[in-house]
Amino acid sequence: MNSSQESVLSSNMAGLVDGSSARREVSRLDSMPVYVKELIAGGAAGAFAKTAVAPLERIKILLQTRTEGFRSLGVLQSLKKLLKHEGVQGFYKGNGASVIRIIPYAALHFMTYEQYRCWILNNYSALGTGPHIDLLAGAAAGGTAVLCTYPLDLARTKLAYQVVDTRGSLNYGMKSNHAQPAYNGIRDVLRSVYKEGGMRALYRGVGPTLTGILPYAGLKFYIYEELKSHVSEEHQKSIMMRLSCGALAGLFGQTFTYPLDVVRRQMQVENLQHSVQGNARYRNTWEGLTVIVSNQGWRQLFAGLSINYIKIVPSVAIGFTAYDTMKFWLQIPPRQKTQSISAA
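Asks: Break down the overall build of the chain for me, citing the residues and quoting the values.
Replies: Scanning the chain for helices and strands turns up 13 helices and 2 strands. Per-residue burial for the chain yields a buried fraction of 48% across its 344 residues. For the chain, the share of sequence-separated contacts (at least 6 apart) that also reach a separation of at least 24 residues comes to 79%.

In structure tokens, the structure reads:
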């Protein structure tokens, strides 16, 4: 009798302990501010999506910057050549900088999008509540995230531009006798670039980046929310529905703004190309566009676009889906509730 009572008592105590720990986790989650949850959800979604498409991102940069040996190759041949020269690690070269950048970038992008959206709805009710609000909020959020994380994007591009074969020789897009800086990591890139030109050098190419990200980010959120609005309520939480809407949003948004991305990449690596290829520095985005068209042809403005389609479809789809999933796991209130809380 005593032993049975002890067993019942111990089981009750275990249940109390488990229940209290579960309640502590729930209360800790409930006490977390909504914007912190949005930061966590956005950062996790961005890191997951970026790593999933890292090999295609590396090839895209090599095509955009006209790297020697990759100009006339297709996607599959470029992947094979990169594997031969650098091994599997070559597919993820620069991905460390990319993930370190994308976590704060995506976190800020999604969080500021939600905050800008609530702010517009609460302060400019005359604009209504349609997807055009997502266009405005997405554009503002994209610009905010870019300004805060651009030096990391610059470091990622410079690291990805280097092609080192297994024999240890270094190639920066053209074979040359000119000495070029060999970067050993993110910190080395940032230190070298800052030493070369200060904060101005760290933001080299930010003009076309902002010019491109404002419409791209706005269109991405606009198209995603517009497509979702035409989906019936019972399918709103479908993973396939979110993947499909996200893929189409990234596809259309990227097509309209891709030439600006090419200008940005060439501006980011032109100090590595200048002494070798004789390219003049672009003073602004418009000059970059006109010079590329006159010297390299209009097709160069869309170099790597096919691989970007292959990359952007899963990347944006995974990003939006992962973000919505993280919002559910973190118990972030639906937007309607968030808006009412903000208004209150």
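Asks: A description of the packing of helix H7 (residues 132-161) against helix H8 (residues 186-202) should follow, citing residues and the corresponding values.
Replies: Where H7 contacts H8, the two axes come as close as 10 Å, and the packing angle between them is 120°. For the element pair H7 / H8, the angle class is oblique. In this structure, H7 crosses over H8, and the sense of that crossing is right-handed. Contacts from Tyr150, Pro151, Leu152, Leu154, Ala155, Lys158 and Leu159 in H7 reach Ile186, Val189, Leu190, Val193, Ala201 and Leu202 in H8. Of the residues in the contact of H7 with H8, the class split is 12 nonpolar, no polar and 1 charged.

Asks: Got a sec to walk through unusual backbone geometry? Specific residues and values, please.
Replies: Excluding glycine, residues mostly have negative phi values, and the peptide bonds linking residues are mostly trans. The phi torsion at Gln331 lies on the positive side, around 60°, for a residue other than glycine. Following the sequence through the fold, Gln331 ends up in the loop between helix H12 (305-329) and helix H13 (335-343). Note on Gln331: relative accessible area 42%, which makes it partly exposed.

Asks: Go over helix H6 (residues 95-123) with me, naming the residues and quoting the values.
Replies: With 29 residues, H6 extends 40 Å between its outermost C-alpha atoms, agreeing within 8% with the 42 Å of an ideal straight helix rising 1.5 Å per residue. A bend of about 30° at Ile102 is the largest found in H6, and the proline Pro104 appears one to four places after it.

Asks: I'd like a description of the environment of Ala155, backed by residues and values.
Replies: As for its placement among the helices and strands, Ala155 is situated in helix H7. Its relative accessible area of 0% is what places Ala155 among the buried residues. Taking the C-alpha atoms as reference, Ala155 lies 6.7 Å from Ala97; in sequence the two are 58 residues apart. Setting aside anything within four residues of it in sequence, one finds Ala155 in contact with Ala97, Ile186, Val189 and Leu190.

Asks: Quick rundown of the packing of aromatic side chains? Include the residues and the values.
Replies: Taken as a whole, this structure holds 9 aromatic pairs when the rule is applied. Taken together, a centroid distance of 6.1 Å and an interplanar angle of 85° make the contact between Phe110 and Phe320 edge-to-face. Taken together, the positions of Phe110 in helix H6 and Phe320 in helix H12 put the pair 210 residues apart, joining distant regions of the chain. On the accessibility criterion, Phe110 (9% relative accessible area) is buried. Owing to a relative accessible area of 3%, Phe320 belongs among the buried residues under this scheme. Taking 3.9 Å as the distance between ring centres and 15° as the angle between the ring planes, the aromatic pair formed by Tyr113 and Phe221 counts as stacked. A residue pair is termed long-range when its members are at least 10 positions apart, and Tyr113 in helix H6 and Phe221 in helix H9 (residues 206-229) qualify at 108 residues. In this pair, the class of Tyr113 matches that of Phe221, namely buried. Clustering of aromatic rings is evident, with ring pairs tying together Phe110, Tyr113, Phe221, Tyr224, Phe320 and Tyr323.

Asks: Hey, could you go over the environment of Leu76 for me, with residue numbers and the actual values?
Replies: Looking at the element boundaries, Leu76 is found in helix H4 (residues 75-86). Assessed through its relative accessible area of 54%, Leu76 is described here as exposed. For the pair formed by Leu76 and Ile59, sequence separation is 17 residues and the distance between their alpha carbons is 9.7 Å.

Asks: Please give an account of the pattern of salt bridges that cites residues and values.
Replies: Applying the stated criterion across every chain, the model contains 6 salt bridges. Here Lys327 ties to Glu114 by a salt bridge, and the two come within 3.3 Å at their closest N and O atoms. Here Lys327, found in helix H12, pairs with Glu114, found in helix H6; they are 213 residues apart in sequence, far enough to count as distant. Comparing Lys327 with Glu114 shows no difference in burial state: the two are buried. Arg117 is the salt-bridge partner of Asp134, the closest N and O atoms lying 2.9 Å from each other. Here the residue Asp134 occupies a position in helix H7, and Arg117 occupies one in helix H6, the gap between them amounting to 17 residues. Using a relative accessible area of 2% as the deciding quantity, one classes Asp134 as buried.

Scoring rules and cut-offs
- Residues numbered from 1 in each chain as written.
- Predicted model: local features only at pLDDT ≥ 70, side-chain atom pairs only at ≥ 80, totals over all residues.
- Heavy atoms only, no water.
- Helix = DSSP H or I, 4+ residues; strand = E, 2+ residues; numbered from the N terminus.
- Buried < 20%, exposed > 50% of the residue type's maximum accessible area, 1.4 Å probe, protein only.
- Contact = heavy atoms within 4.5 Å.
- Axes fitted to C-alpha atoms, helices over the stretch in contact; angles between N-to-C directions.
- Parallel < 35°, antiparallel > 145°, perpendicular 65-115°, else oblique.
- Left-handed = near helix turned anticlockwise from the far one by under 90°.
- Nonpolar A, V, L, I, M, F, W, Y, C, P; charged D, E, K, R; others polar.
- Expected span 1.5 Å × (residues − 1).
- Bend = angle between axes of the 7 residues up to and from the residue.
- Phe/Tyr/Trp six-rings, centres within 6.5 Å; stacked < 30°, edge-to-face > 60°.
- Salt bridge = Lys/Arg side-chain N within 4 Å of Asp/Glu carboxyl O.

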